[in-house]
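# A closer look at the structure
Given next are the chains, with one letter for each unit.
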Amino acid sequence: MKRVFLVISALIILFVATTSHAANDDVLVGMTQKIKRGIINTFTGWAEFPIQIWKGYNNGFRGDSSRKVLGTTMGVVDGVTHAVGRTASGISELIFYWAVNPEDNVKVGVPLDAEYAWEEGEPYDGFDPNFTEATIRPAVNKLFRGAGNFLFGFMELPNQ
C-alpha cells in the first residue's frame, strides 16, 4: 500500500511538473477549447433530441424530402443517439481536457453532424458505403483509440 501511494504521488508530481513546464499558448488554448466545448456539449446534449426530429422532418429520409414521416421517425432515433453521444462526448472532454487531440478522425467516425447541437452540419450516413464500413469499423477504431488514450494518455504529457 505504501508503494502504491509513492507511485501515485510521483505520478502527480510528474504531471504537475510537466504541465507547468509545458504550458505554452497552443496547449493552453487547446485545453481551454476542450473545456468550453465539454461544458457546452454536456449541458446541451439533450437538445439533440428535438433538433434531430426537426432535421428528420425537414430533410426527409436520407435527403428525400418526400419521405418526411420516415425522416421524422429516424429523427427520433438520431435524436436519442445524438443526445447520448453529445453528452458523453462533453463529459469525456471535461475529464480528459489535458489529452492531446488526434490529428484527424479518419476511420474513427464522428457520427455527430456538427460541433454543437444547434449547428446545421453535415448529416452522417451510417450506411454509406455499408453498415460495417460506416458504423461498425469506426466504432471499433474509436473504442481502441479511447482505450489507448485512457491507458497511455499520460505519456503524452512530457511531449507537451
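None of these values were measured; they are calculated from a predicted model. (Residues numbered from 1 in each chain as written. Predicted model: local features only at pLDDT ≥ 70, side-chain atom pairs only at ≥ 80, totals over all residues. Heavy atoms only, no water.)

## Description of helix H3 (residues 48-59)
Taking 1.5 Å of rise per residue, twelve residues should cover 16 Å, and H3 covers 16 Å from first to last C-alpha, within 8% of that figure. Burial in H3 covers these residues: Glu-48, Gln-52, Lys-55 and Gly-56. Projected down its long axis, H3 shows its buried positions confined to an angular sector of 100°, all on one face. (Helix = DSSP H or I, 4+ residues; strand = E, 2+ residues; numbered from the N terminus. Expected span 1.5 Å × (residues − 1). Buried < 20%, exposed > 50% of the residue type's maximum accessible area, 1.4 Å probe, protein only. Arc of directions from axis to C-beta.)

## Concerning the packing of H3 against helix H4 (residues 68-95)
Two measures define how a pair of helices packs: the angle their axes make with one another and the distance between the axes. Following both chains from N to C, one finds H3 and H4 inclined at 150°, their axes separated by 7 Å at the closest point. With respect to their mutual orientation, H3 and H4 come out roughly antiparallel. Note that H3 runs across H4; the crossing there is right-handed. Residues Glu-48, Phe-49, Gln-52, Ile-53, Gly-56, Tyr-57 and Asn-58 of H3 lie in contact with H4, whose contacting residues are Lys-68, Gly-71, Thr-72, Gly-75, Val-76, Asp-78, Gly-79, Val-80, His-82, Ala-83 and Arg-86. (Axes fitted to C-alpha atoms, helices over the stretch in contact; angles between N-to-C directions. Parallel < 35°, antiparallel > 145°, perpendicular 65-115°, else oblique. Left-handed = near helix turned anticlockwise from the far one by under 90°. Contact = heavy atoms within 4.5 Å.)

## Some words on the pattern of salt bridges
The final tally for this structure, using the stated rule, is three salt bridges. For the salt bridge of Arg-37 with Glu-93, the shortest nitrogen-to-oxygen distance reads 2.8 Å. Taken together, the residues Arg-37 in helix H2 (residues 25-44) and Glu-93 in helix H4 connect sequence positions 56 residues apart. Of the charged contacts in the structure, one is a salt bridge between Arg-86 and Glu-48, with a shortest N-O distance of 2.6 Å. Here Arg-86, found in helix H4, pairs with Glu-48, found in helix H3; they are 38 residues apart in sequence, far enough to count as distant. No difference in accessibility class separates Arg-86 from Glu-48, as the two residues are buried. (Salt bridge = Lys/Arg side-chain N within 4 Å of Asp/Glu carboxyl O.)

## Some points on the side chain of Asn-41
Within the secondary structure, Asn-41 sits in helix H2. A residue is classified by how much of its surface remains accessible, and Asn-41, at 3% relative accessible area, is buried. Within the structure, the side chain of Asn-41 is placed 3.2 Å from the side chain of Arg-86, a separation counted as a polar contact. Setting aside chain neighbours within four positions, we find Asn-41 in contact with Arg-86, Thr-87, Gly-90, Glu-115 and Tyr-116. (Polar contact = N/O pair within 3.5 Å; in protein donor to acceptor, adjacent residues only side chain to side chain.)

## Quick word on the side chain of Glu-93
Of the residues examined, Glu-93 reaches a relative accessible area of 13% and is grouped as buried. Not counting the four nearest positions on each side in its chain, Glu-93 is found in contact with Lys-34, Arg-37 and Gly-38.

## Focus on the confidence of the model for the protein
On average, residues of the protein score 77 in pLDDT, and 72% of them are at 70 or above. Within the model, the stretch residues 17-23 combines pLDDT values under 50 with six contacts to residues more than four positions away or in other chains. (pLDDT = per-residue confidence, 0-100.)

## Points about a nonpolar patch on the surface
Together, Phe-127, Phe-131, Ile-136, Val-140 and Phe-144 line one region of the surface with nonpolar side chains, adding up to about 500 Å² of accessible area. Within the fold, Phe-131 resides in helix H5 (residues 131-152). (Patch = residues over 30% accessible without salt bridge, like charges linked within 9 Å, V, L, I, M, F, W, Y side chains within 5 Å. Areas by Shrake-Rupley, 256 points an atom, 1.4 Å probe, with all protein chains shown as cover.)

## Let's talk about the environment of Ser-92
Considering the arrangement of structural elements, one finds Ser-92 in helix H4. In this structure, the C-alpha to C-alpha distance between Ser-92 and Thr-42, residues 50 residues apart in sequence, is 9.1 Å.

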